[in-house]
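Geometric and topological summary
If you want the building blocks of each chain, they are given just below.
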Amino acid sequence: MRNLPLLVDGHGREHRDLRVSLTDHCNLRCTYCMPGEGVPWLPKASLLTLDELVELVGIAVEAGISEVRLTGGEPLLRADIVAIVASIAALSGPGGHPEVSMTTNGIGLAKLAGPLAEAGLARVNVSLDTLDAETYRRMARRDRLDDTLAGIEAARAAGLGPLKLNTVLLRDVNTHEAVDLLRFALERDAELRFIEQMPLDAGHTWTREGMVTADEVQAWLSEAFDLEAIPGRGAAPAERYRVRPLGSLSSSKGEPDGDPLGTVGIIASVTRPFCGACDRLRLTADGQLRNCLFATAESDLRTPLREGVDRGEIIRRIHASLAVKLPGHGINDPGFLQPRRPMSAIGG
């Protein structure tokens, strides 16, 4: 194995987390992500093959990437998903084999959770915005809640953990379910993570006024539980809290009563940016490297790979992208421009 220069940007941030989109296709049409109809899919010929994908991820792992998160679209729609996981899990870098995780809507996990775990998948994040079938249909434009819930149970049975459930709250749609969703997660030893809706929707309908904020989420949860902040966040996107029975933090002893019920996370990308500790890079399904989720420029890695250039040129392009990474995503700047690609074409 050849040691490559570490992936450090111009602000001194070392990058160890690579998010890899496997496809822009999805079997849902969530309102905050994709239009209901007329989605302009990436040309099939532009998508990275299994061998191309593993080659690019392998270079990144050799340069210090220690976690590879597979995303989409919906990654389980790739027919070769088990082979992708096995191939990436077998890669090796300065710190050994990378941890391979996945963000999924859970549809398909009932069949694939076991084979994926055997192939080397360590854990999954499953998107779950509601426990109500009608609200699910309204948000996802599909009737697949039972499949998602079955996928969650299959992930638990396969030992894909710690299991995390991702929730986006939309005003006047599912906000009333915040506490119920947290109870659902706690009962299954899962960590629920509330994610502020970001300006990455295909219809560009996001507004700051309409977005549910982290402060609101905390207020709703605090009506049913005590939340105790967990220090030492590091580069993680979620602010994490121990969830305790209501009133346990106001004990006369000055210490919490008993063990916590579990944990909850809040990812406040808009109102509490955490860019200063960012350690993430993103590779799109068509082989474009993005140094930020909200980047307006990309670095083409697919073309030189297909032209047969040596690995040195690939790593040079990766470092060139890192060199111009901005200190923050700029959502709160007056001149902020939403990326041309929607979330489904970038990868979460």
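Before reading further, recall that the structure is shown in the block above.
Residues numbered from 1 in each chain as written. Predicted model: local features only at pLDDT ≥ 70, side-chain atom pairs only at ≥ 80, totals over all residues. Heavy atoms only, no water.

With respect to helix H5 (residues 145–157)
Taking 1.5 Å of rise per residue, 13 residues should cover 18 Å, and H5 covers 19 Å from first to last C-alpha, within 8% of that figure. Along H5, the residues that are buried comprise Leu 145, Thr 148, Gly 151, Ile 152, Ala 154 and Ala 155. Remark: Gly 159 follows H5 within two positions and exhibits a positive phi of approximately 75°. (Helix = DSSP H or I, 4+ residues; strand = E, 2+ residues; numbered from the N terminus. Expected span 1.5 Å × (residues − 1). Buried < 20%, exposed > 50% of the residue type's maximum accessible area, 1.4 Å probe, protein only.)

Notes on the pattern of salt bridges
The full count for this structure, using the stated rule, is 27 salt bridges. Of the charged contacts, one joins Arg 188 and Glu 153 as a salt bridge, the two residues approaching to 3.1 Å between their closest N and O atoms. A residue pair is termed long-range when its members are at least 10 positions apart, and Arg 188 in the loop between helix H6 (178–187) and strand E6 (191–195) and Glu 153 in helix H5 qualify at 35 residues. Because the salt bridges share partners, they merge into one network encompassing Glu 67, Arg 69, Glu 99 and Arg 123. (Salt bridge = Lys/Arg side-chain N within 4 Å of Asp/Glu carboxyl O.)

Side note on the packing of helix H1 (residues 50–62) against helix H2 (residues 81–89)
When two helices pack together, their arrangement is captured by the angle between the axes and the distance separating the axes. Taken N-terminus to C-terminus, the directions of H1 and H2 make an angle of 25°; their axes are 10 Å apart at the nearest point. When the interaxial angle is binned, H1 and H2 end up roughly parallel. Crossing handedness for the pair H1 and H2: right-handed. Within the contact between the two elements, H1 uses Leu 50, Leu 53, Val 54 and Val 57 and H2 uses Ala 83, Ile 84, Ser 87 and Ile 88. Broken down by class, the residue content of the contact of H1 with H2 amounts to seven nonpolar, one polar and no charged. (Axes fitted to C-alpha atoms, helices over the stretch in contact; angles between N-to-C directions. Parallel < 35°, antiparallel > 145°, perpendicular 65-115°, else oblique. Left-handed = near helix turned anticlockwise from the far one by under 90°. Contact = heavy atoms within 4.5 Å. Nonpolar A, V, L, I, M, F, W, Y, C, P; charged D, E, K, R; others polar.)

Topic: empty space enclosed by the protein
If you walk through the whole model with that rule in mind, you get three cavities of 30 Å³ or more. Lining the second largest cavity, in full, are Leu 7, Leu 18, Leu 56, Val 57, Ala 60, Leu 281, Leu 283, Leu 289, Leu 301 and Ile 318. When residues of the lining of the second largest cavity are assigned to their parent elements, the largest contribution, three residues, is made by H1. Class assignment for the residues of the lining of the second largest cavity results in 10 nonpolar, no polar and no charged. (1 Å grid on protein atoms, 1.4 Å probe; cavity = no way out; pocket = protein on both sides within 12 Å on 5 of 7 lines; lining within 4 Å. Points joined across faces, edges and corners; volume = space filled by probe spheres on them.)

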